[in-house]
Structures are given as structure tokens and as C-alpha cells.
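# Residue-level structure breakdown
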Amino acid sequence: VRKYVKESLWKWCKFITSAETMEHCMTEVATHFSIAREKREHWKSTYAHSVRDALNNCRNNTAQDLKKELAGK
């Protein structure tokens, strides 16, 4: 889940600013992994922290890399 979020979801969602954005992200990930509709709510509650952490981690790494690059010049 984390790998998919970092590689694919990161391209169009850098920040989760509302419950609506989180729901959209979780629906996208659940669709990608073909989670059955009747199991999605449980799946979303189980993996929501992984999606949020993966996006935060990717954003932080990108910001740190940018700072290093700018400091080096």
C-alpha cells in the first residue's frame, strides 16, 4: 500500500487537507487493489494511517532533497 501511494498517488495528491480528500485517496487505493465494496469501509479504516504516513513521508523526503539541492548551489 505504501509503495503504491508513494509511486502513483503522490503524482496527483501532495496534501490531505480534508476528510473529502482522504476519502478520495482511500477510494483510489482500494480500487487499485480491487477491494470488494462490502469490505472497503473496514479496509479503509485499517489502512488510512498507512496512506497518510506514506504521503507525508514522500512529501518530507522531497522537501529535504530540495533543501539539500538548493544548499549545495
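Scroll up a little and you will see the structure.
It should be emphasised that the depicted structure is a prediction, and the values quoted were computed from it without experimental measurement. (Residues numbered from 1 in each chain as written. Predicted model: local features only at pLDDT ≥ 70, side-chain atom pairs only at ≥ 80, totals over all residues. Heavy atoms only, no water.)

### Here we look at the packing of aromatic side chains
Selection criterion: Within 6.5 Å between ring centres, the rings of Phe, Tyr and Trp (the latter by its six-membered ring) count as paired, and their orientation is classed by plane angle as stacked under 30 degrees, edge-to-face over 60, tilted in between. Numbering of helices and strands starts at the N terminus; helices are DSSP runs of H or I of at least 4 residues and strands are runs of E of at least 2. We call a residue buried when its accessible area falls under 20% of the maximum for its residue type, exposed when it is over 50%, and partly exposed in between, using a 1.4 Å probe and counting protein chains only.
In this structure the tally under the stated criterion is two aromatic pairs. Between Tyr4 and Phe33, the aromatic rings sit 5.8 Å apart at their centres with planes inclined by 75 degrees, giving edge-to-face as the arrangement. Here the residue Tyr4 occupies a position in helix H1 (residues 2–7), and Phe33 occupies one in the loop between helix H2 (19–32) and helix H3 (40–72), the gap between them amounting to 29 residues. Taking the centre distance of 5.2 Å and the plane angle of 35 degrees together, the rings of Trp43 and Tyr47 count as tilted. Remark: Tyr47 and Trp43 occur in helix H3; sequence separation between them is four residues, near one turn of the helix. On the basis of relative accessible area, Trp43 is assigned to the buried category, the value being 11%. Take Tyr47: its relative accessible area is 31%, and that puts it in the partly exposed class.

Any functional reading would require information that these geometric values do not contain.
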